[in-house]
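Descriptive analysis of the structure
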Amino acid sequence: MLQSRTSSIASASASAAAAAFRPLAAAEGFAAAAPVLVIDTNIALHQIDLLERADALVNIVVLQTVLGEVSARSAQLYSRLRALTSDSARCVYVFSNEHHRKTYIERVKGESPNDRNDRAIRVAAKWYHDHLASVPLTRDQLAELQLAKAKMTKAAAATAPASLVRSMADGDGKARKVILISDDVANCAAAREDGLEAYGIADYLAAYLPHEPKLLDLVAKPKAGAGGREFSSGREPIFPKHLDESEVLAGVRAGKYVQGKFYQDVRNVLQGSVTRGEVGVPVLISGVVDINRAFDGDVVAVELYPESEWAAESDLLVDGDAAAANDDGDPDGDTLSLEAASKDAAQSAGEIRPRGKVVGIVKRNWRRYCGHLLPRKSDRPGRPSPGKYLFVANVRHLPRIRIHTTQPASLLGKRIMVAVDGWDRYSKYPSGHYVRVLGDVGDKETENELLLLEHDISYEPFSQAVLDCLPPCPYVISPKEIANRVDLRESRVVCSIDPPGCTDIDDALHVQRLANGNFEVGVHIADVSHYVKPGTAIDAEAAARGTTVYLVDRRIDMLPSYLGTDLCSLKPRVDRLAFSVVWELTPEAETVSVAFHKSIIRSVHAFSYGEAQAKIDSDDDDVVARNLRDLLALSRKLLARRKAAGALTLSSPAVHFELDSETSDPLSTSIYELRETNSLVEEFMLLANTTVAKQILGAFPSSAMLRRHPAPNPERFEALITAIRASSHLFDAGDELTFDVSSNRSLATSLDAATSTANPYLNTLLRILTTRCMQPAAYFCSGNEDSYEHFGLAAPLYTHFTSPIRRYSDVIVHRQLYASLSKTHESHPSLVNRNLLSAIVDNLNLRHRNAQFAARSSVDLHTLIFFKDKVVVEDAYVLATKLNGIVVLVPKFGVQGHVTFSRADEPSPLDYDAKTQTLRHPETGDLVLAMFQPVRVRISVKTNANLRRYLNVELVEPSLASLLGVDNDEPAAGPAPMDVAGSDKYSLDDVLALGRDDDDDGDEATKSSEAAKAPTSGSKRRVRDADLSQNKGGAAVADDETPAKRAKLMHDGEALAAASLAAAKSKSKAKAKAKTKAKAKAKGKGKSK
Amino acid sequence: MSRREFVSPEGLRLDGRRPDELRKLQARMDLFSRADGSAYVEMGNTKVVAAVYGPREVRRASMAKHDRAVVRAEFGMATFATGERKKSSKGDKRSAEVSQMLVATFEPVILTELFPRSQIDIFVHVLQADGGNVAAAINAATLALIDAGIPLKDFVVACSAGHIDGANVLDLNYLEDSSGGGPELLLAMLPTEATLSLVKINDRIPLDVYDALVSLAMKGAALIHEVLVAKVKEHAHQQAASLGTIV
């Protein structure tokens, strides 16, 4: 390969050939006061955190060889390395050494590819050495050098032995020094033989940057190789050895091992499963030893046990923190607790599944994790000493990570980010290194940042390049632009209907009676694609963000707000550019014809849903009121037709928080009221989306951006159907209750029939559970899929067209629609190139999922804040029954919680009947708990062994204690394993206190001003086009997912709209309040002065 | 989704070229003694031989045109030309299409009216395929026709250009062609007047990209022309030297 490359390098034209070998920019590109560092691949792979964070490391040369190896290893690391190379302040350069005449080398006989690359790196370093020797430093650079040297010597005198202090320049100080950085001892030695200076990364930092000792914390420890270089220190290994790459490959080929993705069971940290591609039952992995250091999402090789040892999935609930509670929490300890080591599959009546053990890791799914450090028992409180500490990740099912730090005092009590370096078989914990501090534990800003980071949501302000793409302010629509558009400003009465306080209005409607008795109905969508052109920085940013993210107390915009809330927003009484879909509809709402055109509109009024409803109900007989009534009548017909086709109405348990205007802490929760006007808007948006989908599919048969919702797998409903049968007495239909999931229409009918007059909420509950059995809706590129159907909406074709301000998919659809209207309209390769579009689609689906997860985490966070210092007893319903506990849902708060009756290693106080999914009294056999059963629970916030605050849910009624005659002193219904904030452990407050020792506190002023800034969003959150796919699952869907079924979370259903709309409401309220309060404050201040 | 970087941020392509650079072009003429003219062209790792027979009497009288020569072409790939051995592709649709393109390209350029009732056969065989096969085939055929002494209006030089990940790149190799995913444009040009005799695009492309690709490919073709002219001159000198005309 390499050989062929070189032979094809040379060019026909002599001038071009010379250009091809243009080496790196001359040496003036380097910072003067530091040597030039050539890093090898392992440094780039493992020390990326250090390279990114350590601003003191400058003059780094990244070789093409290194880039190539990194790119082959991990796309993520590659993009980080690339980002680093574009940082001009750090003087990081790429040298295309493989294409340079003097640094290209051929692999010699007997040399492994790795050795060849190491040699290539040395050759390039050597070339740099010789090259720079011929480019002497300028006088200014020498002066700068002397200065830096003096500074360093001074610093070093205090911290490092003088012998370690090195000079920056070569011998006579005339030329710049080139240093090879490599942790490979052999490579370093070889480099020294060539006359180069070479160091390991830690040695280099100690020698050249002694004044920055904290950098050493960022250094990842050299990873123990697979080849048995692990250090045993005389102990027995805890875990079996991982096979190396070639063994795994051979084993998988021979059918000896199964390769697949490992999914950690989130309900039970002691088990996981490995999926084998699309087909085949997932392989069950039970017990920490069999899991053998695999992380969630890793690609692993599994060896199956003989069939006699296969088992069913354990029905135990084992919380990660609960398991940790049994652990000694000693960062130096390396013995597994009995429970963790046991791999006996607990008794269970589930289906027997293949069981196996992990024998090798093909690809790690490690990323950087956010969380906090645990204080050590051995340290005196407040006086932590440097050494090993345990890190608890925010993700609950992750093992604790051991890190080494020299600055524990500044890390304890903080949210920090940690990267995993490795996990050798003698160690109970994976080892990692600290990357950066986010802020104090419990601080709202910090926690918000954490959840954005954890979900990989970009929240930085828009870059200057993006802002430069914005049209000038004030923007004047040119007469030429108006001439190119259909002018609807005078001829049509357009209005918008949105949640109250909405600032980014992306849709508006009009209706007009025609002479033939039909109606002309227009949907006008903000013309975002007019302002966001393909190939610009703003387009790239929007494509990367994919969607606007709505958290409880803020909004992270996809587009800068000048566009989103001003220029594109279809505000009343101003001229706005729009993309219109105009139908002629019969009074029965049948489409006669449809037209698409770019237009200019002037909305007459921006209604809220409530105002629009009031207008319809009022006695007014003006044109707006009449129009609204016509639209409503048409929308009812559309809805009826959709329902007849089998569209589903689903539910979510989400509620919304009323936020305090000052602190934006939640004050109370409420459920949003749905009006008919919500459905009015929704129906026309759905109609617009389906109409546009048809149009763009016709124009781009193989590259249309569409959205589909696959029909659910009936097997997913099996457990639910069993549970319904067992609890049929709770419903009106009793034993005659049927639940048919064979088609969307039968499912809709079944849901409508499953009512209970005694308890109307049961129907909602059933819709929530049904939602969770579904697959998620997703964007796709029409050429890539065979089935285009949208199951939830019962639509053969669907796309997203109506919210381009907050969704990038809609921007693409706008462009495709525009290109489809005329050949002369601007087009772009991204519209017709399936590969490009597929990449965009994949990213959008990921971003949407992340946005949902982030929104849910935000709800979780606010739920915790809401229940802080509260103990609430509330009605709840049983969502699922397990061997040793139940999962309950509290509708009032949208909270889902686990109630555990006993620890995993104790016998459960109740008998579990897996067939009917009920829990029965062990002696009398009476039914105690079953699915759908109403119960009462006590909710409070507690802190567990991992110093994690969590929502503690206990069963109050039926009371197990009285039922079983257990001593009341020890509440059997309490989650014993979690409740461990005992005397010998530090409480959360201790941790908080620990970290704050050296902070100057009492900075109340800044705090409150920050709090006032917090509720900046003041926006609506629109979810009305019913195909939301927003997470309706609310607080706890994540907990409810079994690993193999992780892809669910979908949501298409109008009910969902409620939650999100409601959130918007709270925001606008909060903002209004904040304003008045701020005014009051200002007055008060003025007086005191 | 990890995608290959076809043009690195440093501005180098996978094989080290810049976007507007050609691969190394090498040519030889007069390889075979049986054919009236023959040539061998290497564009990077794409290797092509061409042989020309004629003008000679038509094989079948029914083919004969009373006022000009008939041009026929046959394009084929060696079974070993690609990574996976393939059955000879002489008769397949794709090869037949290229054969037709060769005829359409050369018929107007050859002064066929000088040779009524005769035929000229062009055979092109790809020995190693690494992208730009058709362009290399056309260039080789031009040299072979010149070697055969067939009067031409001008050289015909061909070059390809493609649009990959937003960049316009010249002379795609196999990797860029097959996994780049962008449209590719093939163009054959009569360099003296810069007239185009063939333009072929394998995908829909926006008009502005089309214009950019055409001008890029024309620049490439002009460079190829320089190399071919030099080659022909050198060959002519050698021939002359061997005949003793020039000392």
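Below or above, wherever it landed, is the structure these notes cover.

What counts, and where the lines are drawn
- Residues numbered from 1 in each chain as written.
- Chains lettered and ligands numbered in written order.
- Predicted model: local features only at pLDDT ≥ 70, side-chain atom pairs only at ≥ 80, totals over all residues.
- Heavy atoms only, no water.
- Helix = DSSP H or I, 4+ residues; strand = E, 2+ residues; numbered from the N terminus.
- Buried < 20%, exposed > 50% of the residue type's maximum accessible area, 1.4 Å probe, protein only.
- Contact = heavy atoms within 4.5 Å.
- Pairing = 2+ DSSP bridges.
- Polar contact = N/O pair within 3.5 Å; in protein donor to acceptor, adjacent residues only side chain to side chain.
- Phe/Tyr/Trp six-rings, centres within 6.5 Å; stacked < 30°, edge-to-face > 60°.
- Lys NZ or Arg CZ within 6 Å of the ring centre and 35° of its normal.
- Axes fitted to C-alpha atoms, helices over the stretch in contact; angles between N-to-C directions.
- Core = buried A, V, L, I, M, F, W, Y, C linked by side-chain atoms within 4.5 Å.
- Patch = residues over 30% accessible without salt bridge, like charges linked within 9 Å, V, L, I, M, F, W, Y side chains within 5 Å.
- Areas by Shrake-Rupley, 256 points an atom, 1.4 Å probe, with all protein chains shown as cover.
- Salt bridge = Lys/Arg side-chain N within 4 Å of Asp/Glu carboxyl O.
- Nonpolar A, V, L, I, M, F, W, Y, C, P; charged D, E, K, R; others polar.
- Expected span 1.5 Å × (residues − 1).
- Parallel < 35°, antiparallel > 145°, perpendicular 65-115°, else oblique.
- Left-handed = near helix turned anticlockwise from the far one by under 90°.

On to the overall build of chain B, then. The number of helices and strands found in chain B is four helices and nine strands. If you list the helices and strands of chain B from N to C, you get β-β-β-β-α-β-α-β-β-α-β-β-α. A burial count over chain B gives 53% of its 247 residues as buried. Sequence separation of at least 24 residues holds for 68% of the intrachain contacts in chain B that already meet a minimum separation of 6.

With that out of the way, let us pick up the overall build of chain A. Helices and strands together make up the secondary structure of chain A, namely 35 helices and 37 strands. The proportion of buried residues among the 1089 residues of chain A is 57%. Within chain A, contacts between residues at least 6 apart in sequence are counted, and of these 72% link residues at least 24 apart.

What follows deals with the pairing of strand 8 (residues 283–286) of chain A. Residue and element names in this part refer to chain A. Of the two faces of strand 8, the one carrying Val283 and Ile285 and the one carrying Leu284 and Ser286 are both buried. Two elements, strand 7 (residues 271–275) and strand 8, share four bridges in a ladder whose sense is antiparallel. Paired with serine 273 across the bridge in strand 8 is leucine 284.

Below, the discussion takes up the environment of Arg436(A). All names here are of chain A. By the element assignment, arginine 436 lies in strand 17 (residues 431–440). Ignoring anything within four residues of it in the chain, the contact list for arginine 436 reads Arg53, Arg415, Ile416, Met417, Glu449, Leu453 and Tyr459. Side chain to side chain, arginine 436 and glutamate 449 meet in a polar contact 3.4 Å long.

In this description, an aromatic ring pair is defined by two values, namely the gap between the centres and the angle between the planes. Residue and element names in this part refer to chain A. Here the structure, examined in full by the defined rule, presents 20 aromatic pairs over all chains. Ring centres of phenylalanine 95 and tryptophan 127 lie 5.1 Å apart, and the angle between their planes is 25°; on these two criteria the pair is classed as stacked. Highlighted residues: phenylalanine 95 in strand 3 (residues 92–95) and tryptophan 127 in helix 7 (residues 113–133), separated in sequence by 32 residues. Neither residue differs from the other here; phenylalanine 95 and tryptophan 127 are each classed as buried. On the numbers, 6.1 Å between centres and 85° between planes, the contact of phenylalanine 579 with tyrosine 818 is edge-to-face. Note that phenylalanine 579 is positioned in strand 24 (residues 575–585) and tyrosine 818 in helix 28 (residues 808–821), a separation of 239 residues in sequence. Cation over ring: lysine 870 sits above phenylalanine 866, and NZ or CZ is 4.0 Å from the ring centre.

Moving on: unusual backbone geometry. With omega at 0°, the peptide bond leading from Cys473(A) into Pro474(A) counts as cis. Tracing the backbone shows Pro474(A) in the loop between helix 17 (464–468) and helix 18 (479–483). Backbone torsion omega between Gly54(B) and Pro55(B) reads 0°, so that peptide bond is classified as cis. Mapped onto the elements of the fold, Pro55(B) is located in strand 3 (residues 46–57).

The next thing to look at is the sheet that holds strand 6 (residues 257–264) of chain A. All names here are of chain A. Strand order in the open sheet formed by five strands is 8-7-6-9-12, with antiparallel pairing between adjacent strands. Whereas interior strands pair on both sides, the edge strands pair on one side only; in this sheet they are strand 8 and strand 12 (356–363). Taking the axes of each pair of neighbouring strands and ignoring which way they run, one obtains an average angle of 40° across the sheet. Direction of pairing for strand 6 relative to strand 9 (residues 299–304): antiparallel, over a ladder of five bridges. Bridging across to strand 9, glutamine 259 finds its partner in alanine 301. Taken strand by strand, helix 11 (residues 245–253) contacts strand 6, strand 9 and strand 12, and its axis lies near 110° from that of strand 6.

Looking now at the nonpolar core. Where a protein is soluble and globular, its nonpolar side chains tend to be buried together. Residues and elements named next belong to chain A. If you look at the biggest cluster of nonpolar residues, it comprises 84 residues, and the most contacted ones within it are Val521, Leu680, Phe684, Leu706, Phe801 and Tyr808. Here the element with the most residues in this core is helix 24 (residues 676–699); it accounts for 10 residues. Residues within four places of leucine 706 in sequence aside, it is in contact with Ala693, Ile696, Leu697, Ala778, Tyr779, Phe780, Ser782, Tyr788, Leu797, Tyr798 and Thr799. Ile48, Val66, Ala125 and Val288 belong to the second-largest nonpolar core, a separate cluster that totals 73 residues.

Let us now look at a nonpolar patch on the surface. Taken together, Leu196(B), Val199(B) and Ile201(B) make up a surface patch of nonpolar side chains, about 200 Å² in accessible area. Checked against the element boundaries, Ile201(B) lands in strand 9 (residues 195–201).

Hydrogen bonds between backbone groups are what pair the strands of a sheet, and the pairing can be parallel or antiparallel. Residues and elements named next belong to chain B. Overall, antiparallel pairing links the four strands, which are arranged 7-6-8-9 in an open sheet. Both outer strands of the open sheet, strand 7 (167–170) and strand 9, are each paired with one neighbouring strand and no more. Direction aside, the axes of adjacent strands within the sheet are offset by 20° on average. In this sheet, strand 9 lies alongside strand 8 (residues 184–190) in antiparallel orientation, the contact comprising six bridges.

This brings us to the environment of Asp40(A). Residue and element names in this part refer to chain A. The residue aspartate 40 is located in the loop between strand 1 (36–39) and helix 3 (41–46) in this model. Overall, the relative accessible area of 2% leaves aspartate 40 in the buried class. It is 6.4 Å that separates the C-alpha atoms of aspartate 40 and isoleucine 181, two residues lying 141 residues apart in sequence. Discounting residues that sit within four places of it in the chain, aspartate 40 has contacts with Val66, Ile121, Ile181, Ser182, Asp183, Asp184 and Asn187. A distance of 3.2 Å separates a polar atom in the side chain of aspartate 40 from the backbone nitrogen of asparagine 42.

Time to look at helix 6 (residues 75–85) of chain A. Listed as buried for helix 6 of chain A are Leu77(A), Tyr78(A), Arg80(A), Leu81(A), Arg82(A), Leu84(A) and Thr85(A). Each element contacted by the buried residues of helix 6 of chain A is listed here: helix 3, helix 4 (48–53), strand 2 (60–63), helix 5 (64–73), strand 3 and strand 13 (368–374) of chain A.

A word on the pattern of salt bridges. Any two side chains of opposite charge can pair, given that their charged atoms come close. Residues and elements named next belong to chain A. One pass over the structure, following the stated rule, counts 60 salt bridges over all chains. Ionic pairing is found between aspartate 440 and lysine 414, a salt bridge with its closest N-O pair at 2.9 Å. Of the two residues, aspartate 440 sits in strand 17 while lysine 414 sits in strand 16 (residues 414–422), which places them 26 residues apart along the sequence. A single burial state applies to aspartate 440 and to lysine 414, both of which are buried. Here aspartate 566 and arginine 576 are joined by a salt bridge, their closest N and O atoms 3.1 Å apart. With aspartate 566 in helix 21 (residues 561–567) and arginine 576 in strand 24, this residue pair connects regions lying 10 residues apart in the sequence.

Here the focus is the packing of helix 5 of chain A against helix 7 of chain A. All names here are of chain A. One way to put it is that helix 5 packs onto helix 7 with a least axis distance of 9 Å and a crossing angle of 145°. In contact with Thr65, Val66 and Glu69 of helix 5, helix 7 contributes Asn114, Arg116, Asn117, Ala120 and Ile121. Per-class residue counts for the contact of helix 5 with helix 7 are three nonpolar, three polar and two charged.

Moving on, we get to helix 28 of chain A. Look at helix 28 of chain A: 20 Å from first C-alpha to last across 14 residues, which is about the 20 Å you get at 1.5 Å a residue. Tyr808(A), Ser809(A), Asp810(A), Val811(A), Ile812(A), Val813(A), His814(A), Arg815(A), Gln816(A), Leu817(A), Ala819(A) and Ser820(A) are the residues of helix 28 of chain A that are buried.

All names here are of chain B. Direction vectors running N to C along helix 1 (residues 93–106) and helix 2 (residues 133–147) enclose 45°, while the axes themselves pass 11 Å from each other. With respect to helix 2, the axis of helix 1 lies oblique. The chirality of how helix 1 crosses helix 2 is right-handed. Residue-level contacts link Arg94, Val98, Met101, Leu102, Thr105 and Phe106 of helix 1 to Val134, Ile138, Ala141, Thr142 and Leu145 of helix 2.

All names here are of chain A. Position of serine 940 among the secondary structure elements: in strand 36 (residues 934–943). We classify serine 940 as buried; its relative accessible area is 6%. Non-local contacts of serine 940, meaning those with residues more than four positions away in its chain, are made with Lys870, Val871, Tyr950, Leu951, Asn952 and Glu954.

As a further point, take the pairing of strand 2 (residues 37–43) of chain B. All names here are of chain B. With respect to burial, strand 2 is a largely interior element, seven of its seven residues being buried. Because side chains alternate across strand 2, one face comprises the buried residues Gly37, Ala39, Val41 and Met43, and the other comprises Ser38, Tyr40 and Glu42, equally buried. Pairing between strand 1 (residues 25–29) and strand 2: five bridges, direction antiparallel. Bridge pairing links alanine 27 to valine 41 in strand 2. Across seven bridges, strand 2 lies against strand 3 in antiparallel orientation. Of the residues in strand 3, the one forming a bridge with serine 38 is alanine 51. Linking strand 2 to strand 3, which pair antiparallel, is a turn of two residues; within it glycine 44 sits at a positive phi near 60°.

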